[in-house]
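# Survey of secondary and tertiary structure
Here's the letter readout for the chains.
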Amino acid sequence: MHELRFIRENIDLVKAKTAQRGADTEPLDRFMELDANRLTALAEVERLKNRRNTVSREIAVLKKSGDDQQAVPLIEEMKAANNRIKVLDDELVTIQDSLQEIVLSIPNLCDDSVPPGHDDSDNLEIKIWGTKPSFSFTPKSHWEIGVDLGILDFERAAKISGARFAVLSGFAARLERALINFMLDLHTTKHGYTEVMPPVLVNTATMTATGQLPKFEEDLFKIMDWDLYLIPTAEVPVTNLHRDETLEEGQLPVKYTSYTPCFRSEAGSYGRDTRGLIRQHQFNKVELVKFTTPETSFAELESLLADAEKVLQLLGLHYRVVTLCSGDLGFSSTKTYDIEVWLPGQEAYREISSCSNFLDFQARRGAIRYRPAGQKKSRLVHTLNGSGLAVGRTMVAIFENYQQQDGTIAIPEALQPYLATSG
């Protein structure tokens, strides 16, 4: 969320950056109109209150001198002023609500390093790691492998829940559990993150702070008759751990990692990746969240990316890193790197992790601040988020990259200790 004054004083910049995303700028014209009305009303309220104070003193003087008759028109003027102030206060509440609604709909500003573009075809490839595996046979897709081995069951999942769910059994269930433990151990023991296990049901204030509400309500699963939503990512509850708090500069950066199940309606996916495990309504993720100072947030973004990349490097999976273009950038992000893993069965790269810098966009919504050393005045923190990684998609990559000609799946060396102890 942007500050009202910032939008007012930088309206051309905000319009240009919003248009760069392909978003509608008409609400910004409405914002300027409402903001002008608000400032006019505030000025009139201030003038009336000052006049009321003056009149009140004059009435007191007249009454003290016994000249009540002279006070009558002044009393009537004060009553009229009070009535007008009440009308203006009501108008200001309405205007403020409308302004808040508009402000909550304005996306974060793209960083100047973000390439312009309309969709994912305009994303900029900046790095490739490893080489594509070669096979002496035609590689299968993960859903073919899983069904053939009897470890992925989409039909029974559809019977239980509907489309875009899966039942994992045997090796698949063990592999997903091993991946979760492997990722958590890596980030806590090697990368300095603190593990947290938050609730997966959160309230409206929590969803609003991280930018899911009000704009993306159709993508969420809401609990009927409760002010509770199922989380779309652990970023939501973990970022809100410090909502309405002021941290000390010496605590920063604060780094959390968290495993949670996640839930998305995928309302806007329009049939994309409907087969297999790529785009499910329920999936597991290991998330990375950082709270930093403004001066260090872009350096922390680079280290966040490196932490997420390390997972794929240890698993020996070929991937590339792309910088998202302006039209593909998430609502709350100023800059995002996507890590896309190679899937031989689909002959395509698929996004497996997103690493984003939100600047103070979420912190302003959630009132998350820090106090610089030796200073009394606090500042907004910068927040960052990255998945390290989507567990189901990582399993998909292992299925397709480590498939054998006899239909079995080899185990990456880094995972062997975890599978050996997982049953």
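Everything quoted here is computed from the prediction, not taken from an experiment.

### Overview of the overall build of the protein
Within the protein, the regular secondary structure consists of 13 helices and 16 strands. The globule rule puts the C-alpha radius of gyration for 423 residues at 22 Å, and the 28 Å found for the protein is more than 25% above it. With the C-alpha coordinates of the protein rotated into their principal frame, the extents come out at 110 × 50 × 40 Å. The buried share among the 423 residues of the protein stands at 47%. Taking as baseline every contact in the protein between residues at least 6 positions apart, the subset at least 24 positions apart corresponds to 75%. By element, 50% of the accessible surface of the protein is carried by carbon and sulfur atoms, the whole surface being about 20,300 Å². Put simply, the protein has 48 plus and 60 minus side-chain charges, and the middle of one group is 4 Å from the middle of the other.

### Focus on the UniProt feature "binding site: L-serine" (unreviewed entry) in the protein
Using the residue numbers shown here, the UniProt feature "binding site: L-serine" (unreviewed entry) corresponds to Thr233, Ala234, Glu235, Arg264, Glu287, Asn385 and Ser387. With respect to the element layout, Thr233 can be found in the loop between β7 (229–230) and α9 (235–239). Setting aside anything within four residues of it in sequence, one finds Thr233 in contact with Cys262, Arg264, Lys285 and Glu287. Considering the arrangement of structural elements, one finds Arg264 in the loop between β9 (254–263) and β10 (282–292). In this structure Arg264 touches Asp219, Phe221, Pro232, Thr233, Gln280, His281, Phe283 and Lys285, once residues within four positions along its chain are discounted.

### Here we look at the sheet that holds strand β14 (residues 369–371)
Adjacent strands of a sheet form backbone hydrogen bonds with each other and so pair up, either parallel or antiparallel. In spatial order, the strands read β8-β14-β15; together these three strands make up an open sheet with mixed pairing. Sheet topology places β8 (246–248) and β15 (379–380) at the edges, where each strand pairs with a single neighbour.

Cut-offs applied
Residues numbered from 1 in each chain as written. Predicted model: local features only at pLDDT ≥ 70, side-chain atom pairs only at ≥ 80, totals over all residues. Heavy atoms only, no water. Helix = DSSP H or I, 4+ residues; strand = E, 2+ residues; numbered from the N terminus. Rg over C-alpha atoms; globule rule 2.2 N^0.38 Å. Buried < 20%, exposed > 50% of the residue type's maximum accessible area, 1.4 Å probe, protein only. Contact = heavy atoms within 4.5 Å. Areas by Shrake-Rupley, 256 points an atom, 1.4 Å probe, with all protein chains shown as cover. Lys, Arg positive; Asp, Glu negative; His and termini not counted. Charge placed at Lys NZ, Arg CZ, Asp CG, Glu CD. UniProt positions renumbered as here; feature names shortened; annotations may be inferred. Pairing = 2+ DSSP bridges.

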